[in-house]
Amino acid sequence: MTYTILEREELAPEIYLLKLHAPEVASKSKPGQFIIIRIDENGERIPLTIADYNRDAGIITVVFMEIGKTTKQLAVLKSGDSLSDLVGPLGNPAHVPKNSVVVFVGGGVGITTVFPEAREFKKAGNTIISIIGARSENLLIWEDLVHSVSDKLYITTDDGTKGHHGFVTDVLTNILKEQGVDLVVAIGPVVMMRAVADVTKPFGVKTIVSLNPVMVDGTGMCGSCRVVVGGETRFTCVDGPEFDAHQVDFTLLMKRLTTYRDEEAVSLGKFMHEQDCDEKC
Amino acid sequence: MLVKRPEMPEQDPEKRIHNFDEVALGYTEEQATIEANRCLQCKKPQCIKGCPVEIEIPAFIKNIAERNFEASASELKRANTLPAICGRVCPQETQCEIECTLGKKGEPIAIGRLERFAADYELEKGVQIPEIPESTVYRVAVVGSGPASLTVAADLARIGHSVTILEALHEAGGVLIYGIPEFRLPKEIVRAEVDFIKKLGVEIKLNFVVGKLRSVDELLTEYDAVFLGSGAGLPSFLGIEGENLNGVYSANEFLTRVNLMKAYQFPDYDTPIKKGKHVVVVGAGNVAMDAARCALRLGAENVTIVYRRGEEEMTARIEEIQHAKDEGVHFKLLTNPTIIHGDENNWVKTVKCIKMRLGEPDESGRARPEPIPGTEHEIPADVAVIAIGTTPNPLIPSTTSDLQTIKRNIIPTDAECRTSKKGVFAGGDVVTGSATVISAMGAGKIAARAIDQYLQSLRFAETTSTLDC
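Keep in mind it's a predicted model, so treat the numbers as computed, not measured. (Residues numbered from 1 in each chain as written. Chains lettered and ligands numbered in written order. Predicted model: local features only at pLDDT ≥ 70, side-chain atom pairs only at ≥ 80, totals over all residues. Heavy atoms only, no water.)

With that settled, consider helix 7 (residues 147–158) of chain B. All names here are of chain B. The end-to-end C-alpha distance of helix 7, which contains twelve residues, comes to 17 Å, matching closely the 16 Å that a straight helix rising 1.5 Å per residue would cover. The buried count for helix 7 comes to twelve of twelve residues, which makes it a mostly enclosed element. Just downstream of helix 7, glycine 160 is the residue with a positive phi angle, here 100 degrees. (Helix = DSSP H or I, 4+ residues; strand = E, 2+ residues; numbered from the N terminus. Expected span 1.5 Å × (residues − 1). Buried < 20%, exposed > 50% of the residue type's maximum accessible area, 1.4 Å probe, protein only.)

Shown next, in the form of structure tokens:
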């Protein structure tokens, strides 16, 4: 079984979209779930959130940012190349509420996870307000798609090149002051999710975040992805990935994410050197 | 009559702690023949009674004694699909060898070593594929690809049923691949035995998570029967402060990174692992020994096994404990961790422990360990591995209708491996909790017979219903 890349697109600098041929996985995927991929025999297993799926065409869409060795290697693959392994759908689907006003907050690549959830929530009859943010306009992705499934869309950039000059939390605070909100769903960098949790807590608005710790198998076997939620240890891969933001120990999550920082640097250095060599030699 | 068996040639401990190559090197033809000739060929062999997969032990040994090595392997394979694996990891000393008549006056015959010898001989010469009868119309799904599943699959394929193994990971073999290290069970051996099972006609679908991609109920619409051999993959933790510090691993994670993902070859393989200088391993089963010996090979300066009971109560095979000792693993017995302390960056720094003494027997019949007040002490550590056991994964029970489970997601069965759900059978660690490779294979054998009977009853039901019309 191989998993072919049907389409590759650079959405923004260092942010890529891949459409992968995986009919069985596509047929079962739901918003909020993820897959684990391995590029080749020597590869590591990395989780990627399912950004979209097309059951008829048998396609899974993922979007990722180049960060470490594996994502850089993934970024240089082309349409027609294939991945050695793809497993999913993993994790629990997002719980879809009814008759609710829901604010989605998406940051960076997290915007692409917001999209299928907002679409599903909208379909179920909820009112969708979306806030999407990026460092700068050129890094803002999927604005049109998110817009298409939102009743109202707000944009923020850290440098003010588009929309509100500032953070997603500024806009969120204003919304919470002005109107009733039943649920906030925040997906993006850990610092953003933590900031959102801090903003919504005084308002007493239920808030959900999607966590991204280090994983290996993704089926509950190793416990690498353990997080503390409400004082209890949970496995993100099988108990999550979505949790109550007000219960999550974000400090622990951030510290655990640094576990392999040194090794990641070694691995990336080796890869960049080999890439360099490939070009020159 | 020789009272002793030939010594097993082994890699020198000084040398082997720097590599992941196999420790036990296997008997030569000469050694195997000498040892096989010690077998008394008892008229009423007691050894067979101790074998969960019912190998005709005297028969395969006789073939070795007569230097019919390939015939010996064929004899083994009639009963046991995975002889090269069992010859390496079975606890023969408490199963078949303990029954051996020779053991009364000297050393029992080295059944495990001879099994390994014959199996390796065949692997080297090229494996014979037995003739498969014409295929039946029945299809069986086997969930997981560990020892129970491989045995069920092989036995059913040999009687002509179509078998599909569904494995969640990217490689088949279950615990044989992700759990048991290369130096004890080379992955090449596992691949060769899995390959044999494929050649029997078994289809293996990798990256297939039952409970996610298909539920058991859905499988029952595509297959006539389902066997659950998904093992005990959920790691247990101690439940003490500090277990979420960086550098604290479940044994499952530590071994999966090393064995399945080849982290010992990082950065040639992408998966990293923390190479601790001071490693503490909690627990004293085979998994704990494996983790401790992996940590040494990753370059640890010292590795300490911490166990709350005593030497007698350690559950690992004596041979594995001896190997660990020979390699320089420290044992702190009657010692229990109470807190894991970390530094300001959330990294493990020390494991605080307390001395224990053995009190009255508990419900398991083993002496209950009790802390001795005032004996707290700290063991420096930058990596800690928790190897205190595993339980079945909840994924399958939670997604299957009408499947009875008992505590900790154990799936109970009757003596024929039948679960509470019609057409669904189970065996191995998912039924027993974490146990041995061979007990899982024994269950696989029983399940294969029960599944075959069940499929035949379906045929009977179909025939009678046709007659009714």
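In this numbering, the UniProt entry assigns the feature "domain: Dihydroprymidine dehydrogenase" (unreviewed entry) to residues 16–126 of chain B. Across residues 16–126 of chain B one finds 47% helix and 0% strand; the C-alpha atoms that close the span lie 29 Å apart. (UniProt positions renumbered as here; feature names shortened; annotations may be inferred.)

A common way to report how large an interface is uses the accessible area buried once the components associate. Across the contact, 43 residues belong to chain B and 46 residues belong to chain A. Overall, the association of chain B and chain A removes approximately 3,800 Å² of surface from exposure, summing both partners, and the carbon and sulfur fraction of that is 51%. Broken down residue by residue, the surface that chain B buries against chain A is led by B:Lys212, B:Asn244 and B:Asp270, which jointly contribute 19%. Applying the counting rule to chain B against chain A returns five salt bridges. (Contact = heavy atoms within 4.5 Å. Buried area = accessible area lost by both parts, 1.4 Å probe. Salt bridge = Lys/Arg side-chain N within 4 Å of Asp/Glu carboxyl O.)

Take the pairing of strand 14 (residues 226–229) of chain A next. By the alternation rule, side chains of strand 14 of chain A split into A:Arg226 and A:Val228 and A:Val227 and A:Val229, which are all buried. The loop that links strand 14 of chain A with its antiparallel partner strand 15 (residues 232–235) of chain A comprises two residues; one of these, A:Gly230, has a positive phi angle of about 60 degrees. (Pairing = 2+ DSSP bridges.)

Looking now at the domain arrangement of chain A. All names here are of chain A. Here chain A is partitioned into domain 1 (3–90) and domain 2 (101–256). Domain 1 and domain 2 are separated by 21 Å when their C-alpha centres are compared. Taken together, the contacts link 21 residues of domain 1 with 20 residues of domain 2. For the pair domain 1 and domain 2, the summed buried area comes to about 1,700 Å², and 67% of that belongs to carbon and sulfur atoms. Here domain 1 and domain 2 share one salt bridge between them. Residues aspartate 52 and arginine 119 are paired through a salt bridge, measuring 2.8 Å at the closest nitrogen-oxygen approach. Inspection of the region where domain 1 meets domain 2 yields three residue pairs in polar contact (both at pLDDT 80 or more). Looking at the side of domain 1 that touches domain 2, the elements with two or more residues in it are strand 1 (3–12), strand 2 (15–21), strand 3 (34–38), strand 4 (46–54) and strand 5 (59–65). For the side of domain 1 that touches domain 2, the class distribution of residues is 16 nonpolar, three polar and two charged. (Domains from an automatic or database assignment. Polar contact = N/O pair within 3.5 Å; in protein donor to acceptor, adjacent residues only side chain to side chain. Nonpolar A, V, L, I, M, F, W, Y, C, P; charged D, E, K, R; others polar.)

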